[in-house]
Amino acid sequence: MLINGNAFLKTADKYHYAQGAFNVNTEEQVDAAIQIHEALRAPLFLQGAQLGNAFIGGKADFKNGNLDDIKKGADLLADYVAKKAEVASIPIALHLDHGLTFDVAKACIDSGYTSVMIDGSAHEYEDNVELTKKVVDYAHKYGVTVEGELGTIAGVEDHVFAKNSSYTSPLQALDFINKTGVDSLAISYGTKHGANKGSDIKLRMQIVTAIKEILLSEGIDVNLVSHGSSTIPQYIVEEINNLGGNVNGTGGIPIEQLKVAIGCGINKINIDSDIRLATTRNFRELGKKNPEVVTDPSTAGIYKLLAENEADIDPRTFLAPVMNLVTENKADTPALKEINRAVNLGTQEIMGQLIVNFGMLGMAPKVMEFK
Ligand SMILES: [Zn+2]
């Protein structure tokens, strides 16, 4: 069942857990996500990022993807997820992460996404309001839910770059919600995008509490979203470095901190970097345990890039030579099947632990009932 974001976030709010929202960049990751969410009876919130869509559409150089590349990937991902959702035993939402323009949000809505984020946080306040409202007006005509962003979340994630964070003002959040009609709001309370959050991350839970209380007292039913929330498991970073990687200065949000944030009123938590790390670790481990994949003509390109890019943790960098695997899930050699298995298990490893930690375990039937 493919549905919009409302049932997911309202159920999370009612039962005091957070919906994990996970970015995917290949079809195999969609399969892995469905497998682990079904096994744990958890509702599934899949995300395709603006440029992630360009990649999944076949643009290896995804950072320079244009609107056509994004549209192609959005169509492909939406079709694939819709087909899988028909037979899945759990509810699934497909959400655009960090759409930066109306055209990108519209392309994803037209493709069949059931939820979109429009991130106008880099604009002046009034321009952010105007852009977000325009997306809300279009999306709601098609029953698609919209997430906005107010305040600036620091760090770098694909094209989303902000040097410093500026915390969300609770009073401005109320005004923003009233003027735009968003269904959910990404707020800045100290989290940071990317794998290098530093060791001195200090979350200001008071901001979450203040916004939640204001909304409650005004009778406004809008859900709060935490971006830049990857936990950056240090066991994985150590393993990557022991397998020839050179990943330094990493830091994440401790899971205990995320649990406090959930208690304060965060209903959705976005995770991307953790999945990248686990997949990269699996690629390196596979190469060490099974040296044939390093020289096999179908996968040698992946291992050349792994050797050349010791500090990189983005599987998209390494998968660039095998775009058929990304766009069609075409694993037509034993070595490519091994690569897909590495992607699959890395994805499940992260999602599984966060499903449990975020409190999503067994909640799929509750989300289905909400409809
Ligand atoms: Zn984000």
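First things first, this report covers the structure right here in the doc. (Residues numbered from 1 in each chain as written. Predicted model: local features only at pLDDT ≥ 70, side-chain atom pairs only at ≥ 80, totals over all residues. Heavy atoms only, no water.)

**Description of the overall build of the chain**
Looking only at helices and strands, the chain has 17 helices and 11 strands in total. Over its C-alpha atoms the chain spans a radius of gyration of 19 Å, differing by no more than 12% from the 21 Å that the globule rule assigns to 371 residues. Dimensions of the chain along its principal axes, counting C-alpha atoms only, are 60 × 40 × 40 Å. Put simply, of all contacts in the chain between residues at least 6 apart along the chain, 76% involve residues at least 24 apart. Working note: accessible area of the chain is about 14300 Å², and carbon and sulfur atoms make up 51% of it. Across the chain, the mean location of the 34 positive side-chain charges is 2 Å away from that of the 47 negative side-chain charges. (Helix = DSSP H or I, 4+ residues; strand = E, 2+ residues; numbered from the N terminus. Rg over C-alpha atoms; globule rule 2.2 N^0.38 Å. Contact = heavy atoms within 4.5 Å. Areas by Shrake-Rupley, 256 points an atom, 1.4 Å probe, with all protein chains shown as cover. Lys, Arg positive; Asp, Glu negative; His and termini not counted. Charge placed at Lys NZ, Arg CZ, Asp CG, Glu CD.)

**Focus on the nonpolar core**
Leu46, Ile92, Tyr189, Phe283, Leu319 and Phe358 are the most contacted members of the largest nonpolar core, which totals 118 residues. Sorting elements by how many residues they give to this core places helix H16 (residues 334-358) first, with 10 residues. In this view, leucine 319 contacts Thr26, Phe55, Phe283, Ile302, Leu325, Val326 and Ile339; residues no more than four positions away in its chain are not counted. (Core = buried A, V, L, I, M, F, W, Y, C linked by side-chain atoms within 4.5 Å. Buried < 20%, exposed > 50% of the residue type's maximum accessible area, 1.4 Å probe, protein only.)

**Quick look at the sheet that holds strand S1 (residues 19-23)**
Taken in spatial order, the eight strands close into a barrel running S1-S2-S3-S4-S5-S8-S10-S11, and their pairing is parallel. Pairwise comparison of adjacent strand axes, ignoring direction, gives a mean angle of 25 degrees for this sheet. Sheet analysis places strand S8 (residues 184-187) next to strand S10 (residues 223-226), joined by three bridges and oriented parallel. The residue bridging alanine 186 from the neighbouring strand is valine 225, located in S10. (Pairing = 2+ DSSP bridges. Axes fitted to C-alpha atoms, helices over the stretch in contact; angles between N-to-C directions.)

**Observations regarding the coordination of the zinc ion**
Bound to the zinc ion on the protein side are His98 (NE2), His193 (NE2) and His227 (ND1), at distances that span 2.0 to 2.1 Å. In terms of primary sequence, the donors binding the zinc ion are separated according to H-x94-H-x33-H. Of this pair, histidine 193 sits in strand S9 (residues 192-193) while histidine 227 sits in the loop between S10 and helix H9 (234-242), placing them 34 residues apart in sequence. (Donors = N, O, S within 2.8 Å, 3.2 Å for Na, K, Ca; no water.)

**Digging into the packing of helix H7 (residues 170-180) against helix H8 (residues 205-218)**
The geometry of H7 relative to H8 is characterised by a closest axis approach of 9 Å and an angle of 45 degrees between their N-to-C directions. When the axis of H7 is compared with that of H8, the two are oblique. The interaxial crossing formed by H7 with H8 has right-handed handedness. Contact residues: H7 offers Pro170, Leu171, Ala173, Leu174 and Ile177, while H8 offers Ala210, Ile211, Ile214, Leu215 and Glu218. Here the residues of the contact of H7 with H8 are counted per class, giving nine nonpolar, no polar and one charged. (Parallel < 35°, antiparallel > 145°, perpendicular 65-115°, else oblique. Left-handed = near helix turned anticlockwise from the far one by under 90°. Nonpolar A, V, L, I, M, F, W, Y, C, P; charged D, E, K, R; others polar.)

**Re unusual backbone geometry**
With a phi close to 60 degrees, histidine 16 is a non-glycine residue in the positive phi region. The residue histidine 16 is located in the loop between helix H1 (6-15) and S1 in this model. Classification of histidine 16 by relative accessible area gives exposed; the value is 67%. Despite not being glycine, asparagine 329 has its phi angle at roughly 55 degrees, a positive value. Tracing the sequence through the fold places asparagine 329 in the loop between helix H15 (323-328) and H16.

**So, H1**
Note on helix geometry: an α-helix contains 3.6 residues per turn, so any two residues three or four positions apart are oriented the same way. Burial in H1 covers these residues: Ala7, Phe8, Leu9, Lys10, Thr11 and Ala12. Two residues or fewer past H1, histidine 16 is found with a positive phi of approximately 60 degrees.

**Observations regarding the packing of aromatic side chains**
For the structure shown, the criterion picks out five aromatic pairs. With centroids separated by 5.6 Å and ring planes inclined at 80 degrees, the aromatic side chains of phenylalanine 55 and phenylalanine 62 adopt a geometry described as edge-to-face. Phenylalanine 62 carries the same exposure label as phenylalanine 55, and that label is buried. Taken together, a centroid distance of 5.1 Å and an interplanar angle of 50 degrees make the contact between tyrosine 138 and tyrosine 142 tilted. In this structure, lysine 134 packs its charged tip against the face of phenylalanine 102, placed 4.4 Å from the ring centre. Residue placement shows arginine 204 over the ring face of tyrosine 167; its charged tip is 4.7 Å from the ring centre. (Phe/Tyr/Trp six-rings, centres within 6.5 Å; stacked < 30°, edge-to-face > 60°. Lys NZ or Arg CZ within 6 Å of the ring centre and 35° of its normal.)

**Points about the pattern of salt bridges**
Applying the stated rule across the entire model yields 13 salt bridges. In this structure, aspartate 31 engages lysine 84 in a salt bridge whose closest nitrogen and oxygen atoms are separated by 3.4 Å. In this pair, aspartate 31 is assigned in helix H2 (residues 27-39) and lysine 84 in helix H4 (residues 67-87), connecting sequence segments 53 residues apart. Residue aspartate 31 is classed as buried on the basis of its relative accessible area, which comes to 13%. Given the relative accessible area of 28%, lysine 84 is considered partly exposed. The closest approach of N and O atoms between lysine 304 and glutamate 308, which form a salt bridge, is 3.0 Å. Of the two residues, lysine 304 and glutamate 308 both sit in helix H13 (residues 300-308), four residues apart, roughly one turn of that helix. For lysine 304, a relative accessible area of 54% puts it in the exposed group. (Salt bridge = Lys/Arg side-chain N within 4 Å of Asp/Glu carboxyl O.)

So, to be careful, I would describe these as geometric facts and stop short of saying anything about function.
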